Amino acid sequence: MSAALDLLTIVAILAGLFFFLAGTVGLLRFPDPLSRLHALTKADNLGLGLIVVGLLPRAGGLLGVLKLVAVWFLVLLASATVAQLIAGAIRRKGSST
Amino acid sequence: MTVVNALDIGLAALVLALAAWTVAAREAFAAAVGYVAYGLLLSLVWVRLFAVDVALTEAAIGSGVTGVLLIRAAARLRGATPALDEPLAPPLRFLAGVLCAMVAGALAATVLLMPDPAPTLAPQAVGNLPSTGLGNAVTAVLISYRAFDTMLEKVVLVLAVVGVWSLAPDACWGGSPGAPRPARPEAALAFLAQVLPPLGIVVGIHIFWVGADEPGGAFQGGAILAAMWMITMMAGLTEAPPVSSTRLRLVLVSGPAVFLAIGLAGVVIAGGFLAYPSGSAKPLILFIEAFMTLTIAATLPMLVAGPPEQPPQP
């Protein structure tokens with residue numbers, strides 16, 4: 001049982017790191033601000049989500065699990081809002097010039 | 001070298017590189033953003049040093065609230081005349097560089113020449129914990145061992161608000177701080193400002209409450225509550241109360257006032273200014289901390305909102 005949980009942790013965190021890597025490559029390589037913003041959501045949503053899933057077996061109790069999920073939810077909420085705000089600012093700037 | 005060691009060295013290098021980048025950034029806004037990221041990395045450093053209380057404060061105050069203040073200042077200065085862009089005269093620049101190098105050198109020498117093991121009061125701080133009834137030595141240091149300093153810090157916060165308010169033009173005195181509410185708030189920000197505060201208020205009060213026994217306390221909890229008020233004001237859902245509001249002023253001074261009143265009562269009851277009677281130290285400390293949390297939660301948004309810019313409503 002614990003070996004299976006360890007395997008889940010390793011696989012999920014590695015997958016999460018892959019999405020962080022992909023998001024960072026996108027941030028560095030994509031040509032325009034909106035695409036770069038789009039690349040970042042991969043890291044925040046999927047990457048962090050997979051890392052949280054990987055850490056769940058090690059959270060030590062239901063309270064720890066809830067805290068980890070709450071952290072993921074708050075980051076999702078904040079990053080989605082900030083992405084909207086930045087995209088809105090880019091659009092306003094683009095339409096004025 | 002273990003993996004953890006390598007990660008620590010990488011973190012330290014990242015902090016230094018980001019600090020250098022922030023100093024070198026030419027644009028005020030970019031420098032402010034760099035400073036926020038620097039503060040968040042620094043709070044990770046504090047976690048690695050097992051100073052979770054400091055890490056929470058660094059993330060909430062050092063990076064969060066200070067970051068908001070700096071970004072707002074940068075945004076406000078963007079249209080202003082760049083009077084400071086003229087380079088200093090070369091001798092003056094050289095002198096400033098020498099002064100900075102001397103300060104940095106003195107700090108480095110102090111740290112490097114410290115005896116090993118460094119002198120510490122930690123055993124005494126932990127040894128006297130039972131007399132305060134607290135479980136968190138940091139809170140005991142702040143509210144009991146060096147209560148006088150903490151009280152004066154709160155007075156300084158209130159003085160800072162007085163300083164900001166005194167920048168108000170005469171016609172606007174008594175009005176609300178900041179720009180008037182927009183007719184249509186930005187949808188995404190308004191959504192966040194409606195979803196986040198119920199969670200943030202619970203987390204803020206929780207962090208204040210567990211501060212007695214675990215990392216946390218009035219400053220960190222108050223900063224989270226302050227952030228919730230700031231976000232509703234920034235989203236345009238609420239307006240800051242007018243600076244003439246008696247209720248606002250009472251909240252602003254309540255923390256230092258309660259602290260001072262209990263401190264003076266200590267002269268009569270416990271035989272010393274800011275001394276707590278034995279046995280009831282913990283309830284008194286939590287009572288003071290509750291009002292301090294309230295003061296911090298009101299002071300920080302008032303600092304961010306700035307001086308009154310609207311004439312008072314009749």
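Residues numbered from 1 in each chain as written. Chains lettered and ligands numbered in written order. Predicted model: local features only at pLDDT ≥ 70, side-chain atom pairs only at ≥ 80, totals over all residues. Heavy atoms only, no water.

### A look at the overall build of chain A
Piece 1. A tally of regular secondary structure across chain A gives three helices and zero strands.
Piece 2. Helices and strands in chain A line up, N terminus first, as α-α-α.
Piece 3. Relative to the 2.2 N^0.38 estimate, which gives 13 Å for 97 residues, the radius of gyration of chain A is 17 Å and therefore markedly larger than a compact globule would have.
Piece 4. Its C-alpha atoms give chain A principal-axis dimensions of about 60 × 25 × 10 Å. (Helix = DSSP H or I, 4+ residues; strand = E, 2+ residues; numbered from the N terminus. Rg over C-alpha atoms; globule rule 2.2 N^0.38 Å.)

### Description of the interface of chain A and chain B
Piece 1. With seven residues of chain A at the contact, the number on the chain B side is eight residues.
Piece 2. Roughly 650 Å² of surface becomes buried between chain A and chain B when both sides are summed, with 82% attributable to carbon and sulfur atoms.
Piece 3. Ranking the residues of chain A by area buried against chain B places Leu77, Thr81 and Leu85 of chain A at the top, with a combined share of 62%.
Piece 4. A salt bridge links Glu186 of chain B to Arg92 of chain A, with the shortest nitrogen-to-oxygen separation between them at 3.9 Å. (Contact = heavy atoms within 4.5 Å. Buried area = accessible area lost by both parts, 1.4 Å probe. Salt bridge = Lys/Arg side-chain N within 4 Å of Asp/Glu carboxyl O.)

### Considering the nonpolar core
Residue and element names in this part refer to chain B.
Piece 1. Among the nonpolar cores identified, the biggest contains 22 residues, and Val161, Trp165, Met230, Leu252, Leu300, Met302 and Leu303 are the most heavily contacted of them.
Piece 2. Looking at this core, the elements that each hand over two or more residues are helix H3 (52-77), helix H8 (147-165), helix H10 (218-234), helix H11 (246-269) and helix H12 (281-305).
Piece 3. For this core, the two domains that each supply at least three residues are domain 1 (1-78) and domain 3 (122-314).
Piece 4. Listed in part, the 18 residues of the second largest apolar core include Ala147, Met151, Ala218 and Ala281. (Core = buried A, V, L, I, M, F, W, Y, C linked by side-chain atoms within 4.5 Å. Buried < 20%, exposed > 50% of the residue type's maximum accessible area, 1.4 Å probe, protein only. Domains from an automatic or database assignment.)

### Concerning the UniProt feature "domain: Na+/H+ antiporter MnhB subunit-related protein" (unreviewed entry) in chain B
Piece 1. The UniProt record marks residues 189-286 of chain B with the feature "domain: Na+/H+ antiporter MnhB subunit-related protein" (unreviewed entry), using the residue numbering of this structure.
Piece 2. This span, residues 189-286 of chain B, is 70% helix and 0% strand, and a straight line between its end C-alpha atoms measures 34 Å. (UniProt positions renumbered as here; feature names shortened; annotations may be inferred.)

### Here we look at the UniProt feature "transmembrane region" (unreviewed entry) in chain A
Piece 1. If you check UniProt for "transmembrane region" (unreviewed entry), the listed places come out as residues 6-31 and 69-90 of chain A in our numbering.
Piece 2. With 92% helix and 0% strand, the stretch residues 6-31 of chain A has end C-alpha atoms that lie 39 Å from each other.

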